[in-house]
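Overview (structure and organization)
These are the residues of each chain, in order.
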Amino acid sequence: MKRYYVELAALLAETTLAAHLSADGDDYQSRINQAKLELWLRGEFAYDDASTADAATIAANLEMQTATATFRHGPIREVRQRIFDENNCRGESCLKDLLSMRGGGVEYATRLEKQLADLGTKFGQPFLDAIEKNKAEHEADCERSCELFYCANDDANNFDVWESSTTSFQSYSFGAVPPEDFSEEFQFPLDLIKVTQGEPLFSAKESAEVIKRAEAEGVDKNEYTSGKYKLGGDWLVNLPETREWFNRALEHKLFPILHHLFPEIIQSISVLRAHSVSLLKYNSTHPRTDVHIDNGILAMTLAMSPQSDYVGGGTFYEHMGVDHVLPMDVGHGTFRPGSVRHGGHRVTAGERYILGAFLLLEDHVEHVRRLKNRGAELRTSGDLEGAINHFEWALALNPRCTTCLKDWAEILLSQKNFVEAETKIRDALELLEGQDSDALFTLGLILSEQGKDEESIAVYKKSIELNGEDAELCYNLGIKLGEQGDTKGELAMYEKTVSIDPNFGGAYINMGSILADKGDLESAEVMFLKAIECSEEVRTKGMFNLSLLLQQKANNLATSGNLEEAKAAIIDASKLLDDAKPLIDARIALGGSNSEDAMYASQWKPMRVQCHRVLGQVLAGMGDMLSCEAEFRTASEDFPEIPGVWAALSRVLELQGKLDEAQVCKAKFAELQNSMQ
């Protein structure tokens, strides 16, 4: 959408306000009223009339604004102009009513209902049922919100006007795509991220008291998973005393601020609902959130800790760049629509508390968000057709729903429909002007599956430029660089992966494999040991790989004549395999296995037989023939179907003069050999 600049004369010609309101040079109030009305007709929402100034200064300031003000392009300005014309507004009698009208009037509901009816005709009853479900869920969520959080009555006693001469707001771009719901209601340009400036909303002392109260309620002892990270903190549902403070803040400050900042969709503070509210604690063990969008039409973040209390931290918005952290010290707040992609920078030392809240509007059902979320749930449950239907419906309501396109592309990727998947994800990236690390990551996967390795690597690298703190992204880029023979680049990406997520076991395994191939067995051993400390799925793989390394180490030691250390190494290798087997068998038995599990399980027997062979040879080299015999007898009992075990045992028996037993073993060996031909 474009922002149109025109000459003052042209604006006056369209509004013809000069004919409606007259004022001589000394009639300052009439001049003020005329300027306000002009700004209102152009789509403005607030007027900088500095209450402490005299009338002449206010009039001059407002007239200066009208000389440079723009025509906002979209339904809000159009509706205002039509209402003005239809009401035949003259003089000051109607000024108060017009200026109190927020947004674009009541046409939103009429327009939406017509759109829903048209789409119901197109998609049929399933779509209409989904819309009714959205309404029911929205109503229930709003009712639940009022049970827990402050809800204003629809009367004149509300604190619905935000006035402050010491706190102002800095506006930042929302990015290339408007909010997913009510995209036509928001004004352009999309300067919808609002950050407080000047005096904070809450003093450092008050914020510290809130944190102290919350810690007494146990907020610092709790943690939960959000996306790829574990977060410290808790929902205010579980912190009643902290919630009591927050409810007072909603009534006296936060709801009036939201009403002031977003009049295009908030008709009154009585429609605001605090839906999901949490107090989060970031530190070196719970450092950040991943890049995400919030689950509400509006969202706010309040800084509850002074910047001097922590190192790192801060919120960034992906379309601005990962290094562009919006400044927000203790007591300050950010207010925005929920669907902008953002994340938290890593806290490396100290503690940072923030309070985050997602908000609903009682008179605005977020059909796009709810359809998209239900589609994601259906996808998780395996109902891919139902998921695709919901994404299609959401896109019919808003063709610029980029998360719908991204989720749909991921389904197509899972179905190996790479061509259509690439089309969907490229559509999303075009809308986002390429500024979405997750979409780029998905595109990289799609390109990789099609064998377009060079394109895939280029896309992964661009994704890392946007969000270098994504461990999975760095890991996948490492794999692709390895496939291209760039071992140095591959190793660097794995190192970056584990610097982001120290529990990313796959990176340790791959680093260990690279180092082992280079002959650096000691460093490789460290990597495999770290992998073993990670998740169970990776632990077994680490155990197998470390066993292989120790077998190689035992061979090297035995060749150099260090039989004692060779013996210790091969015993450790054997124990690792024995410990890994029940773990991987259990995974396969429970149906949680994948192709890699099956591959490792198939390698257990030959690896375990090899351990018996190496240990037997080391014991023979040490002259301990009885222990050597015992080792090969154990092997023959555990793996009687392996011919080589019987051949080795017969040789050991011959060396000890036990010829009859040796002959029996040779016969067993011959029998097995013949059966395999």
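Residues numbered from 1 in each chain as written. Predicted model: local features only at pLDDT ≥ 70, side-chain atom pairs only at ≥ 80, totals over all residues. Heavy atoms only, no water.

Examining the overall build of the protein
We apply this condition: Helix numbers and strand numbers start at the N terminus; a helix is a DSSP run of H or I with at least 4 residues, a strand a run of E with at least 2. We call two residues in contact whenever any of their non-hydrogen atoms come within 4.5 Å of each other. In these tables, accessible area is a Shrake-Rupley quantity obtained with a 1.4 Å probe, and a residue counts as shielded only by the protein chains included in the view.
In terms of helices and strands, the protein carries 26 helices and twelve strands. The contacts of the protein with a sequence gap of at least 6 include a subset with a gap of at least 24, amounting to 71%. Roughly 30,800 Å² of accessible area belongs to the protein as shown, and the carbon and sulfur atoms make up 50% of that amount.

Here's the deal with the side chain of Asp294
For clarity, the threshold we go by: Polar contact criterion, stated in full: a pair of N or O atoms within 3.5 Å, where within protein one must be able to donate a hydrogen and the other to accept it, and residues adjacent in sequence count only if both atoms are side-chain atoms.
When you line up the elements, Asp294 lands in the loop between β5 (272-282) and β6 (298-303). Among the polar contacts made by the side chain of Asp294, one reaches the side chain of His292 at a distance of 3.4 Å. In terms of polar contacts, Asp294 uses its side chain to reach the side chain of His342, at 3.4 Å. If we ignore the near neighbours within four places in the chain, the residues touching Asp294 are Ala299, Arg336, Gly338, His342 and Phe358.

So, the state of the cysteines
Counted only if it meets this: Only a pair of cysteine sulfur atoms within 2.5 Å qualifies as a disulfide here. Each residue is assigned to one of three classes by its accessible area relative to the maximum for its type, calculated with a 1.4 Å probe on protein chains only: buried under 20%, partly exposed between the two thresholds, exposed over 50%.
Applying the stated criterion to the full structure yields two disulfides. Across the disulfide, Cys146 is cross-linked to Cys151 (sulfur-sulfur distance 2.1 Å). Looking along the S-S bond of the Cys146-Cys151 disulfide, the torsion reads about -95°, which is the left-handed sense. In this structure Cys146 comes out as partly exposed when scored by relative accessible area, which is 35%. Disulfide pairing places Cys401 opposite Cys404 at an S-S distance of 2.1 Å. Here the disulfide of Cys401 and Cys404 is right-handed, its torsion about the S-S bond being about 70°. You can call Cys404 buried: its relative accessible area is 0%.

Re the packing of helix α15 (residues 437-449) against helix α17 (residues 471-483)
A packed helix pair is summarised by two numbers, namely the angle formed by the two axes and the spacing between the axes. Spelled out, the test is: Interaxial angle, 0 to 180 degrees, is taken between N-to-C directions of lines fitted to C-alpha atoms, where a helix line uses only the stretch in contact. The labels follow the angle: roughly parallel below 35 degrees, roughly antiparallel above 145, roughly perpendicular from 65 to 115, and oblique for the rest. Less than a right angle of anticlockwise turn of the near helix away from the far helix marks a crossing as left-handed, whereas a clockwise turn marks it as right-handed. Under the scheme applied here, ten amino acids are nonpolar (Ala, Val, Leu, Ile, Met, Phe, Trp, Tyr, Cys and Pro), four are charged (Asp, Glu, Lys and Arg), and all others, including Gly, are polar.
Taken N-terminus to C-terminus, the directions of α15 and α17 make an angle of 25°; their axes are 11 Å apart at the nearest point. When the axes of α15 and α17 are compared, the pair comes out roughly parallel. In this structure, α15 meets α17 at a crossing whose hand is left-handed. Along the contact surface, α15 presents Phe441, Leu445 and Ser448, while α17 presents Glu472, Leu473, Asn476 and Lys480. When grouped by side-chain class, the residues that make up the contact of α15 with α17 number three nonpolar, two polar and two charged.

As for the pairing of strand β2 (residues 193-198)
Consecutive side chains along a regular strand alternate between the two faces of the sheet. To be explicit about the condition: Here a strand pair is declared whenever DSSP counts at least two bridges between the two strands.
Where strand β1 (residues 167-172) meets β2, six bridges bridge the pair, whose relative direction is antiparallel. Counted as the bridge partner of Tyr172 is Ile193 from β2. Taken together, the two bridges between β2 and strand β9 (residues 333-337) define a ladder with antiparallel strand orientation. Along β9, the bridge assignment pairs Val195 with Thr334.

As for the packing of helix α11 (residues 367-381) against helix α12 (residues 384-397)
Packing of α11 against α12 brings their axes to within 8 Å, and their N-to-C directions diverge by 165°. What the angle tells us is that α11 and α12 run roughly antiparallel. Handedness of the crossing formed by α11 with α12: left-handed. Contacts between α11 and α12 involve His367, Val368, Leu371, Lys372, Arg374, Gly375, Ala376, Leu378 and Arg379 from the former and Leu384, Gly386, Ala387, His390, Phe391, Trp393, Ala394 and Leu397 from the latter.

Considerations on the nonpolar core
Operational definition: By nonpolar core we mean a set of buried residues, namely Ala, Val, Leu, Ile, Met, Phe, Trp, Tyr and Cys, connected to one another through side-chain atoms within 4.5 Å.
Residues Leu477, Tyr508, Met511, Phe544, Leu546, Leu549 and Ile570 are the most contacted members of the largest nonpolar core, which totals 67 residues. With nine residues, the single largest contributor to this core is helix α23 (residues 595-621). Those residues in contact with Leu477, other than ones at most four positions away along the chain, are Ile457, Tyr460, Lys461, Ile464 and Met493. Listed in part, the 54 residues of the second largest apolar core include Val271, Leu272, Val277 and Ala357.

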